[in-house]
Amino acid sequence: MSLRAFIASLLVGVFFVSVAFIAVALAFLKIQLATLLPPGLETDATLRVLIIGIGAGSFLLSVALLGVVFWAIGRYIVQPLRAIIDAIEELDSTGTRRPLPDLAGAPSEIRSLGVVFDRFVNRVDEDHARDAEMSRIKSDFISTAAHQLRTPLTGIRWALEALEKEPLDDGQKALVASATEKSRQLVAIVGTLLDISSIESGKYKYAFAPVDIESLADEMARDFAEMAKRADVQLYHERSGTKLPYARADKERIKWVLNNLIENAIRYTPAGGRVRIKTASGAGRVYVYVIDTGIGIEPQDRANIFERFYRAGNAIAKENAGNGLGLYIARTIATDHGGDLNFKSNEDGPGTTFTLSLPLAA
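Residues numbered from 1 in each chain as written. Predicted model: local features only at pLDDT ≥ 70, side-chain atom pairs only at ≥ 80, totals over all residues. Heavy atoms only, no water.

**Student:** Explain the overall build of the protein to me, please; I cannot follow it from the model alone.
**Tutor:** Counting its secondary structure elements, the protein contains nine helices and seven strands. Burial statistics for the protein: of 362 residues in total, 33% are counted as buried. Put simply, 68% of the contacts in the protein that link residues at least 6 apart link residues at least 24 apart. (Helix = DSSP H or I, 4+ residues; strand = E, 2+ residues; numbered from the N terminus. Buried < 20%, exposed > 50% of the residue type's maximum accessible area, 1.4 Å probe, protein only. Contact = heavy atoms within 4.5 Å.)

**Student:** Can you help me understand the packing of aromatic side chains in this one?
**Tutor:** Here the distance between the centres and the angle between the planes together describe a pair of aromatic rings. Applying the stated criterion across every chain yields a total of five aromatic pairs. Judged by centre distance (5.5 Å) and plane angle (20°), the ring pair of Y206 and F208 falls under stacked. Each ring, one from F306 and one from F343, has its centre 5.9 Å from the other, and the planes form 50°; the classification is tilted. Linking F306 in the loop between β5 (285-292) and α8 (313-318) with F343 in strand β6 (residues 340-345), this pair joins segments that are 37 residues apart in sequence. For F306, a relative accessible area of 10% corresponds to the buried category. Of the aromatic side chains, those joined through ring pairs into one cluster are F306, F343 and F354. (Phe/Tyr/Trp six-rings, centres within 6.5 Å; stacked < 30°, edge-to-face > 60°.)

**Student:** Explain unusual backbone geometry here, please?
**Tutor:** For residues that are not glycine, phi is negative in most cases, and the peptide bond is trans in most cases. Its identity is not glycine, yet D232 carries a phi of approximately 60°, on the positive side. Considering the arrangement of structural elements, one finds D232 in the loop between α6 (225-230) and β2 (234-238). For D232, a relative accessible area of 49% corresponds to the partly exposed category.

**Student:** I keep staring at the side chain of D292 and nothing clicks. Help me out?
**Tutor:** One can find D292 in strand β5. For the buried D292, no salt bridge exists, and the shortest N-O distance to an oppositely charged side chain is 9.4 Å, to R274. For D292, the residues in contact, after removing those within four places along its chain, are A265, T269, R274, V275, N346, P350, G351 and T352. (Lys, Arg positive; Asp, Glu negative; His and termini not counted. Salt bridge = Lys/Arg side-chain N within 4 Å of Asp/Glu carboxyl O.)

**Student:** Which parts of the structure should I look at to understand the nonpolar core?
**Tutor:** A general tendency of soluble globular proteins is for nonpolar side chains to be buried together. Ranked by size, the top nonpolar core spans 51 residues in total, and within it L258, I262 and L356 carry the most contacts. Ranked by residue count, the leading element in this core is helix α7 (residues 251-267), at seven residues. When sequence neighbours within four positions are dropped, the list of residues in contact with L258 reads L216, M220, V288 and L356. In terms of nonpolar packing, the next biggest core, distinct from the first, is built from nine residues, A87, L91, I110 and F117 among them. (Core = buried A, V, L, I, M, F, W, Y, C linked by side-chain atoms within 4.5 Å.)

**Student:** What's the story with helix α3 (residues 108-164) in this structure? I'm lost.
**Tutor:** In an α-helix, one full turn covers 3.6 residues, which means residues spaced three or four apart are oriented alike. Relative to the 84 Å expected for 57 residues at 1.5 Å per residue, α3 spans 81 Å between its end C-alpha atoms, a close match to the ideal helical length. Its maximal kink placed at R150, α3 deviates by approximately 30°, while the proline P152 follows within four residues. When we look at burial in α3, the residues that qualify are I110, G114, F117, V121, S139, I142, S143, A146, L153, T154 and L160. (Expected span 1.5 Å × (residues − 1). Bend = angle between axes of the 7 residues up to and from the residue.)

**Student:** Help me understand the pattern of salt bridges in this model?
**Tutor:** Where charged atoms from two side chains of opposite charge approach closely, those side chains can pair. With the rule as written, the count across this model stands at 15 salt bridges. The shortest N-O distance in the salt bridge between R82 and D86 comes to 3.0 Å. Linking R82 with D86, this pair stays in helix α2 (residues 44-94), spanning four residues, or about one helical turn. We classify R82 as partly exposed; its relative accessible area is 39%. Owing to a relative accessible area of 24%, D86 belongs among the partly exposed residues under this scheme. For the salt bridge of R98 with E90, the shortest nitrogen-to-oxygen distance reads 2.7 Å. If you follow the salt bridges from partner to partner, you end up with R82, D86, E89, E90 and R98 in one network.

**Student:** I tried to follow the packing of helix α5 (residues 213-223) against α7 on my own but got confused; where do I start?
**Tutor:** It is at 11 Å that the axes of α5 and α7 come closest, and there the two elements cross at 45°. Between α5 and α7, the crossing angle belongs to the class labelled oblique. In terms of crossing hand, the pair formed by α5 and α7 is right-handed. Contacts from L216, E219, M220 and D223 in α5 reach K251, I254, K255, L258, N259 and I262 in α7. For the contact of α5 with α7, the residue count by class is five nonpolar, one polar and four charged. (Axes fitted to C-alpha atoms, helices over the stretch in contact; angles between N-to-C directions. Parallel < 35°, antiparallel > 145°, perpendicular 65-115°, else oblique. Left-handed = near helix turned anticlockwise from the far one by under 90°. Nonpolar A, V, L, I, M, F, W, Y, C, P; charged D, E, K, R; others polar.)

What is shown is where atoms sit, not what they do.
Have a look at this one:
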């Protein structure tokens with residue numbers, strides 16, 4: 001029940017109690033007047049007129065007073081409270097600040113509530129501005145550092161690749177091959193850092209076009225077949241059974257997302273396990289599910305799994321490689337497409353299901 005309805009029902013109850021009280025008072029008055037007047041005097045008509053007049057006047061006065069009280073409560077209590085509640089709900093749902101109306105005529109408690117709310121919103125705005133500035137500084141640092149590192153790392157990689165072609169003994173070849181692989185990993189990390197910088201600065205560009213997600217899932221399954229075989233993990237694409245509509249997507253970016261999801265699924269699935277790629281459509285979306293029977297995601301890690309540089313404890317214990325950036329970038333790409341990337345634990349056994357959703361092509 002709303003506050004206005006509660007107050008209205010309360011006032012109606014008070015009104016009926018008042019009417020009953022007036023009726024009892026009038027009956028009592030009639031009895032008292034009858035005892036005061038001489039016996040045999042015709043008093044019924046006179047008393048009836050008097051009682052009806054008093055009753056009608058009392059009734060009209062009660063209605064008028066109740067109307068005034070109801071209007072005053074609505075104007076100075078209910079409306080200000082409703083305005084504060086609407087502002088809180090809008091701040092919670094959209095993050096938008098709605099200015100409060102003038103609360104000068106409201107009770108002091110409601111004015112105090114409005115002041116506290118304004119202070120809270122000001123503090124939230126200040127914290128948000130500070131976080132945005134810190135995020136900008138970190139992004140600028142990451143971008144600068146990545147640009148500074150990329151050139152010398154590329155030069156080192158080229159030098160190592162040239163050294164591989166020289167006549168070397170087996171030990172030297174192994175050292176050079178290891179150094180070459182490590183340099184490639186460093187170059188890939190720098191590329192990831194540059195991707196983050198582009199994402200957070202709004203410079204991450206997309207080439208949207210109709211994309212056949214079913215065919216892309218087939219391609220992903222073929223690309224990772226060798227990796228799955230080496231890990232002794234069964235990998236396959238479970239087709240939808242019907243012709244899927246095309247998705248509106250940047251094919252290369254979505255391919256990057258699926259690469260990340262499938263590679264993680266294989267890496268964190270024990271030997272003998274299974275990774276299944278499933279495609280479907282519905283509700284104006286195309287869906288890609290990457291379902292594994294791996295180590296899963298612990299409850300304490302689920303709220304942070306898409307944060308930058310975050311890696312779950314069980315993932316670190318199983319596989320030390322990784323920088324905690326892949327899922328952050330993957331989800332950002334998905335949301336930039338107007339879709340989403342989310343996950344849930346499997347209900348019928350161990351492992352996790354990641355769900356990528358994309359809008360349909362026009």
